Amino acid sequence: MCCSFAQLYLKGTLILNFIPVFESIKPMIRKIANNTIVLVIALFACNFTSIAAPDGKALFQSNCASCHNPLKDATGPALKGVDARVPSKEWLYDWIHNSPKVIASGDKYANDLYNKWGKTVMTPFPSLSTEEIDAIITYVNSVEPAAAVPAAGGSTQAAKDSDGPAWLYTVITLILAVLAIIMWRINHGLQRVSNDKEGIATPRDIPLYRNKVVIALAVILAFIFAGYFIVDGAINLGRQQNYQPEQPIFYSHKVHAGINQINCLYCHAGAEKSRHAMIPSPNMCMNCHKQINEYTGEAQHPLYTAEGEKVDGTAEIQKLYKYAGWDPAKKDYIRNADGSIKASPVKWVKIHNLPDHVYFNHAQHVNVGKVACQRCHGPIQEMDEVYQFSPLSMGWCVNCHRQTQVQFADNNYYSIFEKYHEEIKSGKRTGVTVEDIGGAECMKCHY
């Protein structure tokens, strides 16, 4: 259609060339065509800037979602309407960039907030710009409560996140691109007509597939894109972000840790004592499920798999009884001839895997560093089926070490760092990051 329009325009131009009046306005037409091309390119650039505006939802999920929920309290307070609750927008920027500094300044609102949330210091985010913070605030304020009821085919969610009219930007961009091509062809045709009128030889048009410049650019771009995707694929080898395997028993963290508020350390007792968090044995589950033999929360929270299949919570409890060797009718364990309990371990599928050359200690992070579980595992209290929330890449870990301030003041583990203690007392330093105490050194994780 565009080509037909250009061809009709050129035919009309050829006819007008024989009209003397056209000679006086032809330079004006050529100037308008050139200016139009410049205008289209400028509009396209402006539109590209709009498309590249900060994505509030993506920024929230990558920086805030591990501790905050827009609508309800989690590790930190609900964020919807936070800009109206805090003293000012500038205060909010300072708090997000460096909350320990705001607390140390004696700000009453900051200290009240700090004490209300169990004296847990919010991780500073100095790299976030004010525009990115505004985008996050706009997103959390746009989130509405879910109002959907799960159907037979699976669960649905009625809450719609406001991501902006991205489709409108795309349509405008395509229209402007088409207009730019049309104007370029018109200008090219007018130039050729003018050359023919003045007896100037017009260079022969070379097809794009035979143009050496186009071929060279295509080869260079092909190498660049191929290199990028090869390197990106190699970097992501072995990573399992969003990995969500099917487990032998449908265990809902949302029911246990979320609705029933069972502390993570009750089941994963090793998280504050040893390198491994520990997967609880069936005996740990039976501490509660000797009395709880059916799922009674069907009306409030029906269970569904990630594929939308309905789950019978009571049947899943019966699976636990088989692994634990428990007879719910007799309310006693089933025993072998030698008196031992007829039980078998639950073959849970491991979700979070680090390479063998990486050392990670849960106790060092949970007990000494006071890092919340959600910092790495995401909103675990909202997951029915657990999945790997964070990338667990080296860059992700190092960035966390650079940004996270340790619980330094009242922690005997850091008593040997006398210099930092003195600097804090004298006011030269407001806090100590993991990087300051060697958290970015290679031997910290690879030894």
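Cut-offs used in this document
Residues numbered from 1 in each chain as written. Predicted model: local features only at pLDDT ≥ 70, side-chain atom pairs only at ≥ 80, totals over all residues. Heavy atoms only, no water. Helix = DSSP H or I, 4+ residues; strand = E, 2+ residues; numbered from the N terminus. Buried < 20%, exposed > 50% of the residue type's maximum accessible area, 1.4 Å probe, protein only. Contact = heavy atoms within 4.5 Å. Areas by Shrake-Rupley, 256 points an atom, 1.4 Å probe, with all protein chains shown as cover. pLDDT = per-residue confidence, 0-100. Core = buried A, V, L, I, M, F, W, Y, C linked by side-chain atoms within 4.5 Å. Phe/Tyr/Trp six-rings, centres within 6.5 Å; stacked < 30°, edge-to-face > 60°. Lys NZ or Arg CZ within 6 Å of the ring centre and 35° of its normal. Axes fitted to C-alpha atoms, helices over the stretch in contact; angles between N-to-C directions. Parallel < 35°, antiparallel > 145°, perpendicular 65-115°, else oblique. Nonpolar A, V, L, I, M, F, W, Y, C, P; charged D, E, K, R; others polar.

Time to look at the overall build of the protein chain. Of regular secondary structure, the protein chain possesses 18 helices and 4 strands. Within the span of the protein chain, comprising 447 residues, buried residues form 30% of the whole. Long-range pairs, those at least 24 residues apart, make up 62% of the contacts in the protein chain between residues at least 6 apart in sequence. For the protein chain, the accessible surface area stands at approximately 28,600 Å², while carbon and sulfur atoms represent 61% of it.

With that settled, the discussion passes to the confidence of the model for the protein chain. With 84% of its residues at a pLDDT of 70 or more, the protein chain has an overall mean of 82. Mean pLDDT per element in the protein chain: helix α1 (residues 2–16) is the minimum at 47, and helix α14 (residues 313–324) is the maximum at 96. Segment residues 18–22 is flagged for pLDDT under 50; beyond a separation of four residues in sequence, or across chains, it makes 4 contacts in the model. In this model, residues 148–163 is a region of pLDDT below 50 whose contacts with residues beyond four sequence positions or in other chains number 27 contacts.

What follows covers the nonpolar core. Core analysis: the biggest nonpolar cluster contains 30 residues, and F60, W95, I96, L128 and I136 have the highest contact counts within it. Of all the elements in the fold, those that place two or more residues in this core are α3 (56–63), α5 (89–97), α6 (99–104), α7 (108–116) and α8 (130–142). The next biggest cluster of nonpolar side chains, apart from the first, holds 9 residues, and it includes I249, M286, A324 and W326.

Tracing the chain through its elements places L59 in helix α3. Residues L59 and I136 lie 77 residues apart in sequence; the distance between their C-alpha atoms is 6.4 Å. Beyond its immediate sequence surroundings of up to four residues, L59 is in contact with P54, C64, L128, E132, A135 and I136.

Considering all chains together, one arrives at 11 aromatic pairs under this definition. Centre to centre, the rings of Y359 and Y447 are 5.1 Å apart; their planes meet at 45°, and the pair counts as tilted. Of the two residues, Y359 is situated in the loop between β4 (332–333) and α15 (362–368) and Y447 in the segment after α18 (418–426); the sequence distance between them amounts to 88 residues. A residue is classified by how much of its surface remains accessible, and Y447, at 61% relative accessible area, is exposed. The rings of F408, Y414, F417 and Y420 are connected pair by pair, giving a single aromatic cluster. For the cation-ring pair, K310 lies above Y304, with the distance from its terminal atom to the ring centre recorded as 5.8 Å.

A few words on the packing of α5 against α8. Two elements in contact, α5 and α8, have axes separated by 11 Å at closest approach and are oriented at 105°. Here α5 is positioned roughly perpendicular relative to α8, judged by the angle of their axes. Contacts between α5 and α8 involve K89, L92, Y93, I96 and H97 from the first element and T130, I133, D134 and I137 from the second. Of the residues belonging to the contact of α5 with α8, the class tally is 5 nonpolar, 2 polar and 2 charged.

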